[in-house]
Amino acid sequence: MKRFPVTALRSAELETPDLELSVSFYTQVWGLACVSRTETAAYLRASGDDAYVLALHAGPKTALRSVTFRCAVPADLGQIAEAAAAQGCAVTAPADSQEPGGGVLLSLREPQGGTLRFVHGDRRNADAAVAPNRPIRLAHVNINSVAVDEAAAFYQAVLGFGLTDRSKLMAFLRCNADHHAVVLAEAPVNGLNHVAFLMPDLESVMRGAGRMVDHGYSIGWGVGRHGPGDNVFAYFVDPVGTVIEYTAEVLQVDDDYVVRGPKDWVWPPGRTDHWGIAPPKSDHVKAAQIAVLHAASEASR
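Residue positions are given per chain, counting from 1 as you read along its sequence in written order. Note on the predicted model: pLDDT of at least 70 is required for a residue's local features to be given, and 80 or more for side-chain atom pairs to be given and counted; whole-chain, interface and lining totals, by contrast, use all residues. To get the side-chain values, all heavy atoms of the structure are used, and hydrogens and water are removed first.

A word on the pattern of salt bridges
- Salt bridge, as used here: a side-chain nitrogen of Lys or Arg that lies within 4 Å of a carboxyl oxygen of Asp or Glu. The tally for this structure, following the rule as stated, stands at 17 salt bridges.
- For Arg137, the salt bridge is made with Asp178, and the minimal N-O distance between the two is 2.9 Å. With Arg137 in strand E9 (residues 137-145) and Asp178 in the loop between strand E11 (170-174) and strand E12 (182-186), the pair connects residues that are 41 residues apart, well separated along the chain.
- To sort residues, take the accessible area from a 1.4 Å probe on protein chains only and compare it with the maximum for the residue type: under 20% means buried, over 50% means exposed, and anything in between is partly exposed. A residue is classified by how much of its surface remains accessible, and Arg137, at 26% relative accessible area, is partly exposed.
- By relative accessible area, Asp178 is classed as buried at 9%. Where helices and strands are cited, they refer to DSSP runs of H or I of at least four residues and of E of at least two residues respectively, numbered from the N terminus.

Below, the structure is given as structure tokens:
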């Protein structure tokens, strides 16, 4: 299979106007566990081997602070930094990370305003084990873009991702055998559409969704099965307005996978997924999917 300089999606970093509420929700309802805590930040792990998958920072409003990917070798950090700088991106040179897991961390501001980070050598959890009904790791991040094709070109040319599918509104990009680690969605603003957490199986998606409903969080879209990626999904909105997804059974692809275009991804009228049983996405989710913007750059914090 093609060698990717980026090997995995590691974590997402969000700002929240109510840190205590967000930590309580993600640890007591969503299924994560806190591994490190300060007065202004919390780092949460899933059941897999990533040191953490979600960082929550106190901020004035809900925002996407950054997305972090893992690189296989140190040279990949330098390659990405050089390519990004050549495109005019603000780049912070690789340095030792002070966050859980450590490693060497590179940060850059991509052309549409998002902060992307790349880590090499971060520590893994020795006690990683699949836990029923709990997230294993992040599955993908869906990023809103006012210019999807331009953003997709950046991910491919500068970061080395591969395009797997292009629907009418979205570009799906991979960095390993998962059908996608990043989705770029056409939107009126740049920012966060949603964060997807990988569950062990369909049963865990269903039981996780039931746990959410028991705690007063209704399903905003799903349960269903997507077209591109063929993954099972259930969407929710967290207490501060971030759209989050439980997903499972993500399609595994290799270099022989044939990229399909918008004409290949058309549903019959009234259908929103492969199964044909998911009701239309709720207005609450639709509004939340374009409400979370990129946070201010690190230099201005």
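Quick notes on the side chain of Ser97
- Its location among the elements puts Ser97 in the loop between strand E6 (90-96) and strand E7 (104-109).
- Accessibility expressed as a relative area gives 11% for Ser97, which makes it buried.
- Polar contacts here mean pairs of N or O atoms no more than 3.5 Å apart (in protein, one a potential hydrogen donor and the other a potential acceptor; neighbouring residues in sequence count only if both atoms are side-chain atoms). Among the polar contacts made by the side chain of Ser97, one reaches the main-chain amide nitrogen of Glu99 at a distance of 3.1 Å.
- Only heavy atoms enter the contact rule, under which two residues are in contact if any of them lie within 4.5 Å. Among all residues touching Ser97, those that are not within four sequence positions of it are Gly102, Gly103 and Leu105.

Here's the deal with the layout of surface pockets
- Using a 1 Å grid laid over the protein atoms alone, points where a 1.4 Å probe fits but cannot get out form a cavity; open sets with protein on both sides within 12 Å along at least 5 of 7 lines form a pocket; any residue with an atom within 4 Å of a point counts as lining. Grid points are joined across faces, edges and corners, and a volume is the space filled by probe spheres set on the points. Volume-wise, the largest pocket comes out at about 920 Å³.
- As for the largest pocket, its lining consists of 31 residues, of which Ser167, Leu169, Met170, Trp221 and Lys281 are closest to the centre.
- Grouping the amino acids of the lining of the largest pocket by side-chain chemistry returns 15 nonpolar, twelve polar and four charged. In this count, Pro and Cys sit with the nonpolar residues alongside Ala, Val, Leu, Ile, Met, Phe, Trp and Tyr, while Asp, Glu, Lys and Arg are called charged and the others, Gly among them, polar.

Concerning the pairing of strand E13 (residues 191-198)
- Among the eight residues in E13, eight count as buried, and that is most of the element.
- By definition, two strands form a pair when at least two bridges between them are found by DSSP. As judged from the seven bridges shared by E9 and E13, these two strands associate in the antiparallel manner. Counterpart to Leu138 in the pairing with E13 is Phe197.
- Alignment of E13 against strand E17 (residues 292-294), held across two bridges, turns out to be antiparallel. Bridging across to E17, Leu192 finds its partner in Val292.
- Direction of pairing for E13 relative to strand E16 (residues 243-248): parallel, over a ladder of four bridges. By the bridge assignment for E16, Leu198 is matched with Thr247.

Bear in mind that shape data such as this cannot, by itself, settle questions of function.
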